Amino acid sequence: MNKSDLIEALAEARKMTQKEADLVVHLIFDGMTDALKRGERIEIRGFGSLIVKEYAPYIGRNPKTGDQVHVPAKRLPFFKVGKELKERVDGATDDSDGDLGDSGPSREDTSASETGASP
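These figures come from a predicted structure and were not determined experimentally.

1. Comments concerning the packing of helix α1 (residues 3-13) against helix α2 (residues 18-37)
Okay, step 1: Relative to each other, α1 and α2 sit at 120°, their axes nearing to 8 Å. As summarised for this structure, α1 and α2 are arranged oblique, according to the angle between their axes. Between α1 and α2 the crossing geometry is right-handed. Only Gln18, Ala21, Asp22, Val24, Val25, His26 and Phe29 of α2 make contact with α1, whose side of the interface consists of Lys3, Leu6, Ile7, Glu8, Leu10 and Ala11.
Okay, step 2: Considered class by class, the residues forming the contact of α1 with α2 number eight nonpolar, two polar and three charged.

2. Focus: the side chain of Ser49
Okay, step 1: Tracing the chain through its elements places Ser49 in strand β2 (residues 48-55).
Okay, step 2: Setting aside chain neighbours within four positions, we find Ser49 in contact with Arg41, Ile42, Glu43, Phe78, Phe79 and Lys80.

3. Some words on the packing of aromatic side chains
Okay, step 1: Enumeration over the complete set of coordinates arrives at one aromatic pair.
Okay, step 2: Its guanidinium or amino end placed over the ring of Phe78, Lys53 lies 4.0 Å from that ring's centre, counting from NZ or CZ.

4. Concerning the environment of Leu76
Okay, step 1: As for its placement among the helices and strands, Leu76 is situated in strand β5 (residues 74-81).
Okay, step 2: Leu76 sits 22 residues away from Glu54 along the chain, and the two C-alpha atoms are 6.6 Å apart.
Okay, step 3: With near-sequence residues (within four places) excluded, Leu76 lies in contact with Ile51, Val52, Lys53 and Tyr55.

5. Focus on the pattern of salt bridges
Okay, step 1: The full count for this structure, using the stated rule, is three salt bridges.
Okay, step 2: Put simply, Arg41 and Glu43 hold a salt bridge, and the shortest N to O gap is 2.7 Å.
Okay, step 3: A salt bridge links Glu43 to Arg45; the shortest N-O distance between them is 2.7 Å.
Okay, step 4: With a relative accessible area of 72%, Arg45 lands in the exposed category.
Okay, step 5: Each of Arg41, Glu43 and Arg45 takes part in a single network of salt bridges with overlapping partners.

Parameters and conventions
- Residues numbered from 1 in each chain as written.
- Predicted model: local features only at pLDDT ≥ 70, side-chain atom pairs only at ≥ 80, totals over all residues.
- Heavy atoms only, no water.
- Axes fitted to C-alpha atoms, helices over the stretch in contact; angles between N-to-C directions.
- Helix = DSSP H or I, 4+ residues; strand = E, 2+ residues; numbered from the N terminus.
- Parallel < 35°, antiparallel > 145°, perpendicular 65-115°, else oblique.
- Left-handed = near helix turned anticlockwise from the far one by under 90°.
- Contact = heavy atoms within 4.5 Å.
- Nonpolar A, V, L, I, M, F, W, Y, C, P; charged D, E, K, R; others polar.
- Phe/Tyr/Trp six-rings, centres within 6.5 Å; stacked < 30°, edge-to-face > 60°.
- Lys NZ or Arg CZ within 6 Å of the ring centre and 35° of its normal.
- Salt bridge = Lys/Arg side-chain N within 4 Å of Asp/Glu carboxyl O.
- Buried < 20%, exposed > 50% of the residue type's maximum accessible area, 1.4 Å probe, protein only.

Take a look at the structure:
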């Protein structure tokens, strides 16, 4: 899914125009970007969190020439997946509506059947 798909899905789900959905998506992304620029942490329960990691400058090497290269300090966004999303993706079936419901056997059930033991 890309941003255009997200805008289209929002427009359909909420019965709004593409333009209104585009505005909503851009407001959310812009707000998240601004928060990250300020060094704030973003947490979306059940989905994950975004933080900014700061990296110190260092001396690297150009792999082609072997020359030393100064790499400046940088700040990069880092996404940490949430427990619920991890579990939903790991147990995902081909449910197109997003409601996973009963996603099949649990890890315990799977491991028991692989070893021949009964649950």
